[in-house]
Every structure is written in C-alpha cells, then in structure tokens.
Amino acid sequence: MSETFEKKNFGIYIHLPYCLQKCPYCDFNSYAVGSVSSTGVSASAILPAEDDYVAALVEEIQLRSELFLDQSKLACRLEQHCSSIFFGGGTPSLCKVESIEKLLVALKSKFKFSSNCEITLETNPGTVSEELGFEKLCGFKAAGINRISIGAQSFNPETLKFLGRIHDPEDTTKALTACRRAGFKNINLDLIFGSAGQTLESWQTDLETAIALNPEHLSAYSLTIESNTEFGVRSKRGEVLTGDEDLHADLFEYTQEALAQAGYPQYEISNYARPGFQCVHNLNYWKRVPYLGLGAGAHGFLASEIRYSNIKAPKIYLERIRQGLLPEQMREELSDRQQQIELIYLALRLEEGLSRDCLERNFAASSRDKLLQILEEFAQHRVVDRSDPARFKLTRGGMRLADRIIQDLVSTLL
C-alpha cells in the first residue's frame, strides 16, 4: 500500500551516536563524548569505541542484507538498487574518514547502488570549519559522500547559545566554504525557528544569511519541545522556551515566501530546494519506500507494512551483534488502517499531495467518501488546492495548518 512506491529502489540509514555536546532540544539517540549524565553515568560507559561500533555496523550489514532483500518484497532482487544513504546521528562528521569508508565498502559489497545514489553526511559546523576540517572533508568526498547537511540552526549568536550549539555563526560560513573547496555540489543547511526571544526580524536575517551562502537545499524546522530532553524538563518547570502561536505562524509564512522568491520552492512542510535538489532520502521516507536502518536506535521499513527499531543503548547493541543476533528492540506489522493513516499523513506533507487514484486503490468506499467530502470542504476554505482534479494538495496556507487538517482526515478512520 503506497502512494508512489518505487519497487526497484530502497534507502539505507546509518546511525552514528557520537556528539561533542548534547543540545538541550535534541531527542535523537546521541551521546556527548566524555560527558557525564545527570545520573552520574559517563559517556564511556554507554558508548563503544568508534572502531568497535563501526565493526558492529559492518556485521549488521552482513546480518541484515539477505533478510532485508527477501522481506522488502521488491519485484526482482537483481534489479533492486539503493537510491540513498544517510549518515545521521549524533554528529557523523566527528567520525574518522576511514570509518565512513569502511561502511560504504561494506554496503557496496552487499547492495547495488543506483548510478546517482545520494549519499549524505550530517555535519556540525564546529567540526568542519575551514581551518580544522578541509582535509577531512576531502576524505569524505573521496570515500563516496556526495551530499553534506550542515546543522547551522541559526546565524544569531544569542539564538545559538540558547540552543546549546557549539559553533559561532562564522563557523557555518567557514564550513560551507570548506565543503565547496572540497568539491561538494549538494549542500543542505538546517535552520530552527520559533525559539523564545526570536523575532521576525532576527529570523529574516537568518534566512537572508542562509540564502546568501547559496546552498542547494534548506530545511527550516519549528522548535519542538520533546519531553525526554533538557528543554522538556525545563518546560515542565514552567520555563517558556518557544514563541507564541501567532509569531510562529508569521515566521512560517515568511519562510515560505522568502525562500520561494529566492529560488527554493517548498516541496515538504519543512523543506525547500532548488529544482533537482530535493532530498532523495527524505522523499523515500515520505513516499514509503523501503529503507534499511542500521545502528543503535535506528529504524527500518520493509515493504509497506513492517517497521522495526534497533536497541538504543550502543553497548547493548554491540553485544547483541557480537552474539550474531539482529539487534532489534521492536518489530511491528502495520494493519491496513495504520498504513492508510500513514499514507494520508505522509502524502499531504509533500507539495505534490495525495492522488485520487491512491484513495481509490487503498480505501474502502465508505472511508473514501468521507475523506473526499472533508477534502472538498477544505478546498472551499482554500487550504487544499484542487487545480489538478487528480490530486489533493495543501496550499501554502494549508501547509501552515497541516497538523490540524491531517488530524481531521485521520479522525474519520479511527
């Protein structure tokens, strides 16, 4: 069950949990090297040495490769190609070039890559500034990385300090310049908006600075407070960490307009790209293309109905691998209803929207009729675009109300 299921493609995600410092808003499975947690546990008691962890990843590639190709139910094993690889974390740019190279060699020994396979490495500007990181970036490029995602987050010193970032605004400029010198032609900048104290004027400056750096892709995420983060704890104590809803709406609307004018059309709620530079890996997620998740806490998706996640604790993950066992913590077979909800949620996040054909193929008449009625009502309120009779797409205004619109649609299925 899928809107645009690419039968011959799949993606691969590799999780590298090493960080220099844990950001207070971050709920990813990452650990600050050399740090001590609030419970007195040192990172060394949680994190394996990099070489040991990479060796475990290579073993997981071996363990999963045949199983994944069988269970993903792709049409013909000889025609299956990996269309995207994403090294996430954590801060993958902290890792040695040799580590990334070993992992790519291991993947190539088990899977066929498409001729234009997108291979992304997440970086922190504080780890790849021109003075410190140019040679390393050249090594990543030579190893096979062809896309860099830089966690800029902001160009305002106070905002960076509030977000707990280890870099200065100038570090992002130096990092991007070093990436260009190393030969990278596909670069993303991550930005965060909506933090307490941020104004429309300061966000305008952030966007203007980012645009001036001329990246191929920009991601603009709203600051979300997750319960299991430092910000989550502080929020429960009553601290105000985000701006109000009206300002948030203004920031989002300005982002849409400014980036469209600068040549970065919005193709997903939080993502903007120059034509031809949409992130293949994330599009695979949103289009429910199968992907293999490798590493501690990584998630994977097989065919259109099986999702799994790995054990989060890196050392326990490593121990399981050493025992020759898959390091899974959870495996779930999605019901038809769960798959339908995913289809609606993921398709409407994208600019291309949800096709009428998808509704016809995947929903019973009673459910389909209810969904069509609600979508037509939303069209009358100009939050759903019906200029193409074959598709339902959120308008710019609809993108700002996406969560509410999708919830109303999903509620008809519950």
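Bear in mind that the values here come from a model prediction, so they are computed numbers and not experimental data. (Residues numbered from 1 in each chain as written. Predicted model: local features only at pLDDT ≥ 70, side-chain atom pairs only at ≥ 80, totals over all residues. Heavy atoms only, no water.)

**Considering the overall build of the protein**
- Each helix and strand in the protein was counted, giving 15 helices and 17 strands.
- A compact globule built from 414 residues would reach a C-alpha radius of gyration of about 22 Å, and the protein, at 21 Å, matches this within 12%.
- For the protein, the spread of C-alpha atoms along the three principal axes comes to 55 × 55 × 45 Å.
- Considering the protein as a whole, with its 414 residues, one finds that 53% of them fall into the buried category. (Helix = DSSP H or I, 4+ residues; strand = E, 2+ residues; numbered from the N terminus. Rg over C-alpha atoms; globule rule 2.2 N^0.38 Å. Buried < 20%, exposed > 50% of the residue type's maximum accessible area, 1.4 Å probe, protein only.)

**Some points on the sheet that holds strand E16 (residues 384-385)**
- Within the open sheet, the 3 strands sit side by side as E15-E17-E16. Their pairing is antiparallel. Edge positions in the sheet fall to strand E15 (354-355) and E16, since each of these pairs with one other strand and no more.
- Relative to strand E17 (residues 391-394), E16 is paired through 2 bridges, and the arrangement is antiparallel. By the bridge assignment for E17, Asp-385 is matched with Lys-393. (Pairing = 2+ DSSP bridges.)

**Thoughts on a negative patch on the surface**
- Negative charge collects at one region of the surface, where Asp-244, Glu-245, Asp-246 and Asp-250 lie side by side.
- Here Asp-244 shows up in the loop between helix H7 (230-236) and helix H8 (245-261). (Patch = residues over 30% accessible without salt bridge, like charges linked within 9 Å, V, L, I, M, F, W, Y side chains within 5 Å. Areas by Shrake-Rupley, 256 points an atom, 1.4 Å probe, with all protein chains shown as cover. Salt bridge = Lys/Arg side-chain N within 4 Å of Asp/Glu carboxyl O. Lys, Arg positive; Asp, Glu negative; His and termini not counted. Charge placed at Lys NZ, Arg CZ, Asp CG, Glu CD.)

**Quick look at unusual backbone geometry**
- Here the bond from Gly-89 into Gly-90 is cis, since omega is 20°, no more than 30 degrees from zero.
- Assignment of secondary structure puts Gly-90 in the loop between strand E4 (81-89) and helix H2 (97-110).
- Not every positive phi belongs to a glycine, and Gln-153 is a case in point at roughly 70°.
- Relative to the helices and strands, Gln-153 resides in strand E6 (residues 147-153).
- Residue Gln-153 is classed as buried on the basis of its relative accessible area, which comes to 8%.
- A positive phi angle, near 60°, is found at Arg-288, a position not held by glycine.
- Tracing the backbone shows Arg-288 in the loop between helix H9 (280-286) and strand E11 (291-294).

**Structural notes on the environment of His-167**
- In this structure, His-167 sits in the loop between helix H4 (157-162) and helix H5 (169-181).
- Here the alpha-carbon distance between His-167 and Ala-182, two residues 15 residues apart in the chain, equals 21 Å.
- Aside from chain neighbours lying at most four places away, what touches His-167 is Asn-124, Pro-125, Gly-126, Gly-151, Ala-152, Leu-160 and Thr-172. (Contact = heavy atoms within 4.5 Å.)

**A word on the pairing of E6**
- When you tally the buried positions in E6, you get 7 out of 7 residues, the bulk of the element.
- Across the two faces of E6 the burial is the same, with Arg-147, Ser-149, Gly-151 and Gln-153 and Ile-148, Ile-150 and Ala-152 all buried.
- Bridge count between strand E5 (residues 113-123) and E6: 4 bridges; the pairing is parallel. Opposite Thr-120, over in E6, you have Arg-147 as the bridge partner.

**Section: the pattern of salt bridges**
- One pass over the full model with this rule turns up 15 salt bridges.
- Salt-bridge contacts for Lys-393 lead to Glu-351; the nearest nitrogen and oxygen are separated by 3.4 Å. Placement of the pair is Lys-393 in strand E17 and Glu-351 in the loop between helix H11 (336-349) and E15, with a sequence separation of 42 residues.
- A residue is classified by how much of its surface remains accessible, and Glu-351, at 38% relative accessible area, is partly exposed.

**Some points on the packing of aromatic side chains**
- As enumerated under the stated definition, the model contains 10 aromatic pairs in all.
- When the ring of Tyr-267 is compared with that of Trp-286, the centres are 6.3 Å apart and the planes differ by 65°; the resulting orientation is edge-to-face. On the criterion of sequence distance, the pair formed by Tyr-267 in strand E9 (residues 266-268) and Trp-286 in helix H9 is long-range, its members being 19 residues apart. As far as the burial class goes, Tyr-267 and Trp-286 line up, both buried.
- Considering the side-chain rings of Tyr-285 and Tyr-291, the 4.6 Å spacing of their centres and the 65° angle between planes classify their relative orientation as edge-to-face.
- Looking at Tyr-285, the relative accessible area reads 23%, which means it is partly exposed.
- For Tyr-291, a relative accessible area of 10% gives the class buried. (Phe/Tyr/Trp six-rings, centres within 6.5 Å; stacked < 30°, edge-to-face > 60°.)

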